Amino acid sequence: MTKQTVHAITCAALAAALAAAGGCAGSRTEGPGAADPGKAVETPVPPAAAEPGPVEPAGAQEEPQPAAAAPAPPAEAPWKEAAAKGMTLSWKVEEGKLLRVKVKAPTTGWVAVGFDPEKGMKGANIVIGYVKDGVAVAEDHFGSGAVAHKADTKAGGTDDVTGVGGSEADGATELSFSIPLDSGDARDKPLVEGSQYKVILAHGAKDKLSLRHSSVAIVQVTL
Ligand code: HEM
């Protein structure tokens, strides 16, 4: 204890003497620390002032943003729309293969769309359906004559309508569904994305698909 006390005093005395002379090892140890804060204030400033430099290549900073915006591409394509006689057709092509469609008409009966007809409904790639008790029904038909249509399945074809949905509200029916642009079915007309087509919109007063339409309209669309 005594030795330590004596040593401490000696060291304190030596430190005081050195401090008076300009500092000792002890005060140097802290000195740099005390000096650092001073320099630290200045040192960071230059870098901060130097930052405006790197900021100039702002373009370089914007580049990463497009890169960050890269994951945006998976964003869905917007719906396109055409309307006539109170009926609305909305559509969009997905992955160049699937045509998503929504048909809305002022009826609680059937609604239909016929792509690329030749005369009347002849040759049209038709989808006709309705919503009953909240359940949407849609069938894949084709224009078998100018004023006649038939289910593909009743003429050796296949029903290629998928994702059927729909709703009835305020006296209007909206039917949504998807069909392949090219189903491979001889009863469907192959459709090409980006091409223009004549499209029939029609609706009937009841959910009975054999009941003639109360309204028919033609719209031009580019898929
Ligand atoms: C549901 C059973 C259907 C019946 C009984 C029916 C009957 C008729 C009849 C009798 C005509 C000639 C007279 C008229 O213009 O009204 C006609 C015309 C026509 N129908 Fe239908 N049709 C039906 C469904 C459809 C569907 C589903 C479409 C297309 C999605 C369609 C498209 C047409 C077109 C484009 C015309 C020609 C209209 C014109 O030239 O002004 N029909 N249909």
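Everything below is about the structure printed above this text.
Residue numbers here run from 1 along each chain, matching the order of that chain's written sequence. Local features in this predicted model are restricted to residues whose pLDDT is 70 or higher, and side-chain atom pairs enter the listing and the counts only when it is 80 or higher, whereas totals over whole chains, interfaces and linings include all residues.

Explain the sheet that holds strand S11 (residues 215–222) to me, please; I cannot follow it from the model alone.
One key point about sheets: their strands pair by backbone hydrogen bonds, in either a parallel or an antiparallel sense. Here a strand pair is declared whenever DSSP counts at least two bridges between the two strands. A helix here means a DSSP run of H or I that spans at least four residues, while a strand means a run of E at least two residues long, and both kinds are numbered starting from the N terminus. If you trace the 6 strands from one edge of the open sheet to the other, you get S7-S6-S5-S4-S10-S11, paired in antiparallel fashion. At either margin of the open sheet sits one strand with a lone partner, and together these are strand S7 (148–151) and S11. The sheet shows a mean angle of 30° between the axes of neighbouring strands, direction not considered. As defined by bridge partners, strand S4 (residues 111–115) adjoins strand S10 (residues 196–203) across 5 bridges and the pair is classed as antiparallel. Paired with Phe-115 across the two strands is Val-199, which belongs to S10. Between N-to-C directions, angles cover 0 to 180 degrees, with each direction set by a line fitted to C-alpha atoms, over the stretch in contact for helices.

Would you mind going over the site of the ligand with me for this structure?
Each residue receives a C-beta atom placed from its backbone. It is near a molecule or strand if this atom lies within 6 Å of it. The immediate surroundings of the ligand are formed by 19 residues, with Ala-112, Gly-114, Met-121, Val-147 and Arg-212 found nearest. Those elements giving two or more residues to the shell around the ligand turn out to be S4, strand S5 (125–132) and S10. Here the element with the most residues in the shell around the ligand is S4; it accounts for 3 residues. Among the residues forming the shell around the ligand, the class breakdown is 12 nonpolar, 6 polar and 1 charged. Here the term charged refers only to Asp, Glu, Lys and Arg, the term nonpolar to Ala, Val, Leu, Ile, Met, Phe, Trp, Tyr, Cys and Pro, and the term polar to all other amino acids, Gly among them.

Just to check I follow, could you spell out the environment of Leu-211 for this structure?
Tracing the backbone through its elements, the reader meets Leu-211 in the loop between S10 and S11. Distance from Leu-211 to Trp-110, taken between C-alpha atoms, is 8.9 Å for residues 101 residues apart in sequence. With C-beta atoms placed from the backbone, a contact is any residue pair whose C-beta atoms sit within 7 Å. Excluding residues within four positions of it along the chain, Leu-211 makes contact with Gly-204, Ala-205 and Lys-206.

Hey, could you run me through the pairing of S10 in this one?
Where a strand is regular, its side chains alternate between the two sheet faces. Here 8 bridges tie S10 to S11, and the two strands are oriented antiparallel to one another. Within S11, the residue paired with Tyr-197 across the bridge is Val-221.

Help me out: how do you make sense of the sheet that holds strand S3 (residues 98–105) in this one?
Ordered in space as S1-S2-S3-S9-S8, the 5 strands form an open sheet in which the pairing is antiparallel. Looking along the sheet, the strands with just one partner apiece sit at the ends: strand S1 (80–84) and strand S8 (162–169). Neighbour-to-neighbour, the strand axes of this sheet turn through a mean angle of 15°, independent of strand direction. Pairing between S8 and strand S9 (residues 172–180): 6 bridges, direction antiparallel.

Can you help me understand the nonpolar core in this one?
Inside soluble globular proteins, nonpolar side chains tend to come together where they are buried. Ranked by internal contacts, the top residues of the largest apolar core, which has 30 residues, are Val-103, Ala-112, Val-113, Val-127 and Leu-201. Counting only elements with at least two residues in this core, the list comes to strand S2 (87–94), S3, S4, S5, strand S6 (135–145), S9 and S10. With 5 residues, the top contributor of residues to this core is S5. In contact with Val-127, not counting residues within four places along its chain, are Ala-112, Val-113, Ala-138, Asp-140, His-141, Val-161, Phe-177 and Ile-179. Throughout this description, the term nonpolar core refers to a group of buried Ala, Val, Leu, Ile, Met, Phe, Trp, Tyr and Cys residues whose C-beta atoms join them within 7 Å. Each residue is classed by its C-beta neighbour count within 10 Å, where at least 20 other C-beta atoms makes it buried, 12 or fewer makes it exposed, and intermediate counts make it partly exposed; the C-beta atoms are placed from backbone geometry.

Mind showing me how you'd approach unusual backbone geometry here?
The phi torsion of most residues other than glycine is negative, and most of the peptide bonds are trans. Notably, Asp-116 is not glycine yet its phi reads approximately 55°, a positive angle. Accessibility expressed as a C-beta count within 10 Å gives 17 for Asp-116, which makes it partly exposed. Notably, Asp-133 is not glycine yet its phi reads approximately 50°, a positive angle. Along the chain, the position of Asp-133 falls in the loop between S5 and S6. The class for Asp-133 is exposed, based on 6 C-beta atoms found within 10 Å.

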